[in-house]
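As a plain string of letters, each chain reads:
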Amino acid sequence: MDGLLQGRVLIAAAAVRDGLVLPLPAANGTVDAALLEPLAVVRYALGLLAEHQPHTVVVFGDGVVGHLAVRAIPTLVGASTRIVHLHHTAPGLEWSKDHPVPRVHSVLNDAAGARLLAELPADERVAVLLATPRDATLKCLDIALGALRGHVAVDLLGGLPPGATSPLLPGANLTAIRAANCAGVPDPALRFVVRTSVGAAVTLHGHRGVGNDHLVAAAAELVEHPGRYRELITHLVDVDGAAEAMRHLARSRERVVSGRRLIKLAVRFAPGDDTRGGVG
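(A) Representation of the overall build of the protein in the model. In terms of helices and strands, the protein carries 10 helices and 11 strands. Against the globule reference of 19 Å for 280 residues, the protein gives a C-alpha radius of gyration of 19 Å, in line with a compact fold. Each of the 280 residues in the protein was classed as buried or not, and the buried ones make up 44%. Pairs at least 24 residues apart make up 70% of the contacts formed inside the protein by residues separated by at least 6 positions. Here the protein displays about 13,800 Å² of accessible surface, and carbon together with sulfur accounts for 56% of that area. Between the centroid of the 27 positive side chains of the protein and the centroid of its 26 negative side chains there is a distance of 2 Å.

Have a look at this one:
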């Protein structure tokens, strides 16, 4: 929307009437609001996976969505759920070990990580969240399907190329499955039970965007539990600093900015005020 990044903006009545503008708690006028949309995405995914009633949730990906997920799982899936967090890089794993979360087993996504998945009991109900970049989603899916032996449900949250397929799931159009649910529609969400190349049943679902209910619930959670996720906002910068950080990320996959690992960037639009709405 033109002019949105300014102190005051005139918004068309039709946008309000059609639900494009949501009332949020006043306490969300803080840098915590930078986590609002990704936390809404996590709530969407974990809400679907929770219906699988998993004993274990495996999270692939150490970006902001993966880190939000491992912190939200005890509340949204179950306090006794085993959590395995697989990281793409050693620096990502090091950051997690410096910022530990109770009941989360953080490991590198390598041969040892695959062995850990293979060692889970064969009668486990396992949920897999692929919080992965587009070029890593299929590889991580194949790792999960090749290692896990229990009843598996997978949320295809990570990006996928058009017509993506896996040799372990013959005949399954993964891109279409991921796109079947969009912004909370349909409700209940569509799920697809497919057979692996060795005949095992796997439940697949995915989604694009979030619905207004996800956004409102995420906002309420950030107000109620402000300390649960705050450490994920690793960088608070002004607009020029944000542009510099974005240029760095565009040039390199190295996520170290200003000497420390970037998980979530928030932008301070009002100089000297850390409580004005941050966006990331």
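(B) Seen up close, the pattern of salt bridges. Applying the stated criterion to the full structure yields 9 salt bridges. A salt bridge links R43 to E221; the nearest nitrogen and oxygen atoms lie 2.5 Å apart. With R43 in helix α2 (residues 36–50) and E221 in helix α8 (residues 212–224), the pair connects residues that are 178 residues apart, well separated along the chain. The exposure class of E221 is buried, given its relative accessible area of 5%. Three or more residues are tied together by salt bridges with common partners; here these are R43, E221 and R228.

(C) Spotlight on the sheet that holds strand β6 (residues 192–195). Strand order in this open sheet of 7 strands is β3-β2-β1-β4-β5-β7-β6, and the pairing throughout is mixed. Each edge of the open sheet is held by one strand with a lone partner, namely β3 (104–108) and β6. Mean inter-strand twist for the sheet, computed between neighbouring axes without regard to direction, equals 25°. Across 4 bridges, β6 lies against strand β7 (residues 201–206) in antiparallel orientation. Bridged to R195 within β7 is A201. The strands that helix α6 (residues 137–147) touches are β1 (56–60), β4 (125–130), β5 (151–156) and β7; relative to β4, the one it contacts most, it runs at about 170°.

(D) Region of interest: the environment of D142. With respect to the helices and strands, the residue D142 is situated in helix α6. Looking at D142, the relative accessible area reads 24%, which means it is partly exposed. As for D142 and T30, which are separated by 112 residues in sequence, their C-alpha atoms are 40 Å apart. Non-local contacts of D142, meaning those with residues more than four positions away in its chain, are made with S166, P167 and L168. Only 2.5 Å separates the side chain of D142 from the side chain of S166, close enough to count as a polar contact.

(E) Highlighting the environment of V257. Residue placement: V257 occurs in strand β9 (residues 256–257). For V257 and K139, which are 118 residues apart along the polypeptide, the C-alpha to C-alpha distance reads 27 Å. V257 has contacts with H235, A245, H248 and L262, leaving out every residue within four places of it along the chain.

(F) Quick peek at a nonpolar patch on the surface. The grouping of L4, L5, V239 and F269 at the surface amounts to a nonpolar patch, some 400 Å² of accessible area in total. Mapped onto the elements of the fold, L4 is located in the segment before α1 (13–17).

(G) Just the nonpolar core, in detail. L35, L46, V59, L68, L129, Y229 and L232 are the most contacted members of the largest nonpolar core, which totals 41 residues. Secondary-structure elements contributing two or more residues to this core are α2, β1, α3 (64–76), β4 and α8. In terms of residues, this core owes the most to one element, α2, which gives 10 residues. Membership of the second largest hydrophobic core comes to 28 residues, among which are L141, L145, L148 and V152.

(H) Summary view of the pairing of strand β2 (residues 82–87). Of all 6 residues in β2, 5 are buried; the element is thus mostly enclosed. Of the pairings in the sheet, the one linking β1 to β2 comprises 5 bridges and is parallel in character. In the strand pairing of β2, V58 is matched with V84. Crossover handedness for the path β1 to α3 to β2: right-handed. As judged from the 5 bridges shared by β2 and β3, these two strands associate in the parallel manner. Looking at β3, one finds that H87 is bridged to L108. In this region the chain leaves β2, passes through helix α4 (residues 90–98) and returns to the parallel neighbour β3; the handedness of that crossover is right-handed.

Cut-offs used in this document
- Residues numbered from 1 in each chain as written.
- Predicted model: local features only at pLDDT ≥ 70, side-chain atom pairs only at ≥ 80, totals over all residues.
- Heavy atoms only, no water.
- Helix = DSSP H or I, 4+ residues; strand = E, 2+ residues; numbered from the N terminus.
- Rg over C-alpha atoms; globule rule 2.2 N^0.38 Å.
- Buried < 20%, exposed > 50% of the residue type's maximum accessible area, 1.4 Å probe, protein only.
- Contact = heavy atoms within 4.5 Å.
- Areas by Shrake-Rupley, 256 points an atom, 1.4 Å probe, with all protein chains shown as cover.
- Lys, Arg positive; Asp, Glu negative; His and termini not counted.
- Charge placed at Lys NZ, Arg CZ, Asp CG, Glu CD.
- Salt bridge = Lys/Arg side-chain N within 4 Å of Asp/Glu carboxyl O.
- Pairing = 2+ DSSP bridges.
- Axes fitted to C-alpha atoms, helices over the stretch in contact; angles between N-to-C directions.
- Polar contact = N/O pair within 3.5 Å; in protein donor to acceptor, adjacent residues only side chain to side chain.
- Patch = residues over 30% accessible without salt bridge, like charges linked within 9 Å, V, L, I, M, F, W, Y side chains within 5 Å.
- Core = buried A, V, L, I, M, F, W, Y, C linked by side-chain atoms within 4.5 Å.
- Right-handed = clockwise from strand over helix to strand, strands pointing away.

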